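Okay, here's what each chain looks like letter by letter:
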Amino acid sequence: MAQRSGRLPLFRLTASALTVLVGAALLTTYGGESRADGARPLATSPFPFPHDGTGMVPLWPGSPEPIESTQFTLPDGTLVTRFGLVGRNRHARERGEGWAEIGYGKNETVDAAGNPVDKGPGHYLDFVKNYFQNRTWGVEIIDNSRVAGVTVPTLKINNYFQEAQRAGGRSFFHRFDSPGVTGFGWMSPGKLVDSKLYGVDEANCPVVPRPPNGALLHPDTGLNDGCSATVNSFPGHDALSYDTNGVLVPSKNVPGATRFYDFAVTNGETGIFVPGKNVPSRPLKVGDAVEFTQAFFSTPEAMAAVGDNGAFHYYTTEVTYVVGTGLRPWYGIQPRLNSAPLPDETLQGGTGSVSYDYSDGSTFIFQQQQNNIGMQDMQRFVEGRRLLHSNMTTGDHNEPGNDRNPNVVGLQGPSFNQSSCFACHVNNGRSPAPATLNQKVDQMVVRVGAYDQQGQLLPDPNYGVTVQMNAYDAKGKLVDLGRSVRVAGFDTHSVSLADGTSVELRKPRLSFSGPVPQVVSLRAAQPIIGLGLLEAIPEADILARVRATPDEDGVKGQANFVFDPDTGAVRLGRFGWKAGKFSLRHQSASALLEDMSVTTSVFPSRECLSGPATCKTAPAEKGLTDADLQAVSRYLSLVAVPAQRSVESGFPKGVAPLPYLDVDPPKIARGEAVFKSAHCASCHTAQMKTGSGHEFQEVRDQTIKPYTDLLLHDMGPDLADNYAEGLASGSMWRTTPLWGIGYTERVMGTGGTVGYLHDGRARTLTEAVMWHGGEAERAKQRFAALAAADRQALLAFLQSL
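Cut-offs used in this document
- Residues numbered from 1 in each chain as written.
- Predicted model: local features only at pLDDT ≥ 70, side-chain atom pairs only at ≥ 80, totals over all residues.
- Heavy atoms only, no water.
- Salt bridge = Lys/Arg side-chain N within 4 Å of Asp/Glu carboxyl O.
- Helix = DSSP H or I, 4+ residues; strand = E, 2+ residues; numbered from the N terminus.
- Core = buried A, V, L, I, M, F, W, Y, C linked by side-chain atoms within 4.5 Å.
- Buried < 20%, exposed > 50% of the residue type's maximum accessible area, 1.4 Å probe, protein only.
- Contact = heavy atoms within 4.5 Å.
- Pairing = 2+ DSSP bridges.
- Axes fitted to C-alpha atoms, helices over the stretch in contact; angles between N-to-C directions.
- Phe/Tyr/Trp six-rings, centres within 6.5 Å; stacked < 30°, edge-to-face > 60°.
- Lys NZ or Arg CZ within 6 Å of the ring centre and 35° of its normal.

### Quick notes on the pattern of salt bridges
In step 1: One pass over the full model with this rule turns up 37 salt bridges.
In step 2: The closest approach of N and O atoms between D480 and K440, which form a salt bridge, is 3.2 Å. A residue pair is termed long-range when its members are at least 10 positions apart, and D480 in strand β30 (residues 478-480) and K440 in the loop between α3 (375-388) and β27 (445-451) qualify at 40 residues.
In step 3: A salt bridge links D790 to R670, with the shortest nitrogen-to-oxygen separation between them at 2.6 Å. In this pair, D790 sits in helix α12 (residues 788-800) while R670 sits in helix α8 (residues 665-677), placing the two residues 120 residues apart along the sequence.

So this is what it looks like as structure tokens:
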């Protein structure tokens, strides 16, 4: 198989690049550890890339059986939905401020003057201590509403825990009819098969074997045991009407009367009595939205039986099940944030999108599992999450209270940038941007290299492919190796928009404590949401967007291709700033080696940092096991994308909306129209469809809105850095996905300064747009020419993503 290294044609090299070639030609290459203090240089070799896509092998050929069935239909039409849950600290509608409708209890969301109050987040989206150990379980809903002849649908619910549990613990339908039940509360517990088990203070529900893929454990009844439950009716509840405060309250029993009455509002001030009613229970019907939660009720004895002396009672995710359809992401509507399925157009990550968050936990919004995650895949998710949060030297988890991970202790090499993935991907988002003078950029990646006389890009002879700046001393203290890269200053210039607004653009200059590399590319860590969905897009769909000739704006688009380091096969690149990685396994193994100096079977030696020549032939070094590497890549596959915040939530009167859910739908819709008219979607493709071959059913056959085409585009000289990867020259960058971009600052929290683009140079989205050039030049010009109102609408649309 022919191989070609990433290179720049000689006739395109600048004068500075020619100097690089001369300097590289004078280097003497020796084996040895990467050093930046004058020690002997590394023996480097170029990374090979394919000339084109000839012989490309698809990542997911065919439609094999998924790892786990998450939804399937039996021959008679019965719909079976299976999903996983994990322990949570509190409920979904509990924020840091207690709230009740005005006049009906404490409302801490505003002060005496009516101004919003923020007392901190709730604890719904964060993770309980030792979440990865015995704290996930599965739920199975068997729905006969689509079976021919069924007139009264029934939902049968089975649980699959890892340890014995107390019976019950399930709740159905949000208690929207009571003003005193706001942050949590439900109407129905469902009906246990064995009602005598209710209220018994012992773990009388044994562990049930996992059911097979595509079939029931008990096909005859569908019910596993006496701890299973059924739901077949929508509960009766009080009718609601406006009272004199203008808020919804249940029907009132008027003194001296023998019937219920509603208290209706007149002019918002005085009220009159009108006949009221109690809404009776009724049978379920197709399309009913059922809010469901399943608490974790074990006992100390049952937990001890599985070797766990931790807590034994947890809340969990609150999901919405639509009869006849399955799980759907939800949002809160009137009355009292009652759950309703989000409109399809908001589901950026398909049916696995993260529901709206009413716990003020937006810092954690990028850390959530797919809404439709499987029963066992939930456990796979948390085991992978643990690895991303583990220090690869000490094994410590970065969140207090979690057990040390003994499998990763001592895996880190002598030099590195950070010791955990989470240190760069702050809260699963971006790395902190260059913001201040002398700031060390060790939470970013500094790619370095040198071109030889043939125009081939080689790793730098002092550092290898990246600069690794830190180490631990003999006492375990973090030390600077004397090869740090820091912010030396900023180059700035200003541009003007058509309405006279001046925008200052700046980009960082770097200084090196050690030798200055000949080629440098500063790169920010990117958000790690929706990666499994991007991995599931068929190659043919991506390649179909490559244009043989540019469109009227000069937009063309080009694919990048890479060699599979495991098999040598040609693959389509789709991850990384220049689409230089083809799979999450490939991307994970590269990041582990380059950022944390941790080897894997993909890159078994730290010699791989200086090129492929001795990567596989050098003695293998102790590294992450294949099982753990798989756990990391599978976790990345299952991290979900937040739903777009483009519909209003039903916050009760007097309750301050959470700022990121206080949206203006008409303005957002107008901004989306401006986004399209400016031709931003020429590269930031709004909608794609995943294929049916990915190992996880959760990401198969999903309509998604990533706002990327996963192709390379020439972005012009202002964004170029002359670091080539395969077919991607220095000015070519893969279109960055925009989903989740509106959460950027909230996800960063106190972790650093937000920045956009490949090196974090843009402090705002406006700056990011105004740096665009090359194929995006005309779209940028349209943006600059917008009236202020249209520009603000466009930014509001981006903030909603």
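Having put the structure on the table, let's press on.
### Considering the nonpolar core
In step 1: The biggest cluster of nonpolar side chains holds 112 residues, and the ones touching the most others in it are F381 and L624.
In step 2: With six residues, helix α7 (residues 626-638) is the single largest residue contributor to this core.
In step 3: Setting aside its immediate chain neighbours within four residues, L624 contacts L387, M392, V408, L411, L592, V598, T599, T600, L629 and V632.

### Considerations on the sheet that holds strand β33 (residues 519-523)
In step 1: Strand order in the open sheet made by the three strands is β28-β27-β33, with antiparallel pairing throughout. Across the chains shown, the open sheet's two edge strands, defined by having one partner strand only, are β28 (457-459) and β33. When the angles between neighbouring strand axes are averaged without regard to direction, this sheet yields 40°.
In step 2: Relative to β33, β27 is paired through five bridges, and the arrangement is antiparallel. Across the sheet, residue V446 finds its bridge partner in β33, namely L522.

### Brief notes about the environment of V632
In step 1: Along the chain, the position of V632 falls in helix α7.
In step 2: For the pair V632 and L661, spaced 29 residues apart in sequence, the C-alpha separation works out to 32 Å.
In step 3: Those residues in contact with V632 that sit more than four places away from it in its chain are L387, L388, S588 and L624.

### A few points about the sheet that holds strand β24 (residues 326-328)
The pairing of strands in a sheet comes from backbone hydrogen bonds and takes either a parallel or an antiparallel form.
In step 1: As summarised here, the arrangement of the five strands in space is β8-β7-β20-β23-β24, forming an open sheet in which the pairing is antiparallel. Two strands close off the open sheet at either side, each with one partner strand: β8 (186-188) and β24. Pairs of neighbouring strands in the sheet enclose a mean axial angle of 50°, with direction left out of account.
In step 2: In this sheet, β8 lies alongside strand β7 (residues 170-174) in antiparallel orientation, the contact comprising two bridges. Considered in β8, the bridge of F172 is made with S188.

### Focus: the packing of aromatic side chains
In step 1: Under the criterion given, the structure shown has 21 aromatic pairs.
In step 2: Relative to Y707, the ring of F675 has its centre 5.8 Å away and its plane inclined at 85°; by these criteria the two rings are edge-to-face. Of this pair, F675 sits in helix α8 while Y707 sits in the loop between β37 (703-704) and β38 (712-714), and the two are 32 residues apart along the sequence.
In step 3: Judged by its relative accessible area of 3%, F675 falls in the buried class.
In step 4: Each member of the aromatic cluster is reached from another via a ring pair, and the members are W137, F161, F296 and Y314.
In step 5: In this structure, R385 is placed above the aromatic ring of Y131, and the distance from its NZ or CZ to the ring centre is 4.8 Å.
In step 6: The positively charged end of R645 is found above the aromatic ring belonging to Y743, 4.0 Å away from the centroid.

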